[in-house]
Amino acid sequence: MVITADLRSDTVTRPTPAMREAMMAAELGDDVLGDDPTVRALEARFAREVGKAAACFVPSGTMANQAAIRAHTEPGDEIIAHEDSHIVQYEGGGPAALSGCLVRVLRGERGQFDEGDVERAVRAVNDHFPVSKLVVVENTQNRGGGAVWAQGRVEAVCATAKARGMKCHLDGARLWNASVATGAPMRTLAGPFDSVSCCFSKGLGAPVGSAVAGSEAFIARVRRFRKQFGGGMRQSGLLAAAALFAMEHHVARLADDHARAARLGAELSRVGGVSLDPAQAARGVETNIVYIDLAPGLGVDAPALCERLAVRGVLMLPTGARRVRAVTHLDVDDRGIDAAIDAVRSVLG
Ligand SMILES: *Cc1c(COP(=O)(O)O)cnc(C)c1O
């Protein structure tokens, strides 16, 4: 079977020929010994981009978040995060396993919460209670449909956390999508946070890699925990070169992914029995993630729909019994979107 559109995730992209050339041309060293010049260049470039003093290149977004959490906390501390956040849903219980932390989950539309929610969740200082130590915000919010936080709300959340003596971490796996969607520079979006993590291997199209940024002292701790977690890499300049190439060439084009996701969402919601998930129906598709819901009477559930689409060369991800996710990225062009729309129409039509 020929796959014409793989919309399961923006992680499925393969490095372009030009990116592979940049990787092959990279100057290399041993990064654990601190002398891979390409990794050094990437870390400096990323730190500048997000307006922080220092950065550390890591193998995955999960390690970026978990090393950051470990660096900000000690066992017995409590993290405040949305119940739909990546660190709660998709990181294997990392905060408990690796940092000995509890997570106090908040609820709210599109994976978001506000400063009042934080204020209510912060613990009083008392030997009985865990120590409220860290607030984690996810932007864009994956399970919230690629939702972008209003910057005013981010600032209020972080100001409240800071006033209560807490640190703030931004899970910005798709922060470039938020930046392109809003026109706000990365350093503005990351400004209110003590630390930020971003993925090069999502919409930016690099094969591997994420980075964490923050103060010099914080990044020194992240580097130590990266090693402890097994994420110290040697000639990783090969990967850093791909990330540098992606930052240089693949950011502005995210606007195309957003336009394609909007078109896909609009067309799919016109198919009988299909609707955008309620939050996206109200606000429109904000970035590159589309969630569709299937009506109960349709006779086809999400896994069955995805199986039948796959036979037609279109891959989407069932994320619930009646919910399907489609994500646009640089390996899906307009023809791929047309093929996806046609495939859904032919299965459900
Ligand atoms: C993808 C993602 C991550 C990191 O995932 P990895 O697969 O470990 O790279 C972290 N946060 C969010 C919001 C993500 O979407």
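For the structure itself, consult the block above.
This section reports on the structure supplied with the text.

Procedures and definitions
- Residues numbered from 1 in each chain as written.
- Predicted model: local features only at pLDDT ≥ 70, side-chain atom pairs only at ≥ 80, totals over all residues.
- Heavy atoms only, no water.
- Near = heavy atom within 4 Å.
- Polar contact = N/O pair within 3.5 Å; in protein donor to acceptor, adjacent residues only side chain to side chain.
- Areas by Shrake-Rupley, 256 points an atom, 1.4 Å probe, with all protein chains shown as cover.
- Helix = DSSP H or I, 4+ residues; strand = E, 2+ residues; numbered from the N terminus.
- Nonpolar A, V, L, I, M, F, W, Y, C, P; charged D, E, K, R; others polar.
- Buried < 20%, exposed > 50% of the residue type's maximum accessible area, 1.4 Å probe, protein only.
- Axes fitted to C-alpha atoms, helices over the stretch in contact; angles between N-to-C directions.
- Parallel < 35°, antiparallel > 145°, perpendicular 65-115°, else oblique.
- Contact = heavy atoms within 4.5 Å.

1. What to know about the site of the ligand
Move 1: All residues in the neighbourhood of the ligand are listed as S60, G61, T62, N65, H86, E91, E138, N142, D171, A173, R174 and K202.
Move 2: Between G61 and the ligand, the recorded distance is 2.9 Å, taken from a backbone N or O atom to an oxygen atom.
Move 3: Starting from 380 Å² of accessible surface for the ligand in isolation, the protein chains cover 84%.
Move 4: No other element matches the three residues that helix α3 (residues 61-72) contributes to the shell around the ligand.
Move 5: Each residue belonging to the shell around the ligand can be placed in one class, and the counts come to one nonpolar, six polar and five charged.

2. Points about unusual backbone geometry
Move 1: Cis geometry is adopted by the peptide bond preceding T140, which originates at N139 and carries an omega value of 0 degrees.
Move 2: A positive phi angle, near 55 degrees, is found at R110, a position not held by glycine.
Move 3: For R110, a relative accessible area of 16% corresponds to the buried category.

3. Some remarks on the packing of helix α8 (residues 175-182) against helix α12 (residues 254-268)
Move 1: For the pair α8 and α12, the least separation of the axes is 9 Å and the interaxial angle reads 80 degrees. Of the possible angle classes, the one that applies to α8 and α12 is roughly perpendicular. Side by side, α8 and α12 meet where W176, N177, V180 and A181 of the first sit next to L254, A255 and H258 of the second.
Move 2: Taken together, the residues of the contact of α8 with α12 sort by class into five nonpolar, two polar and no charged.

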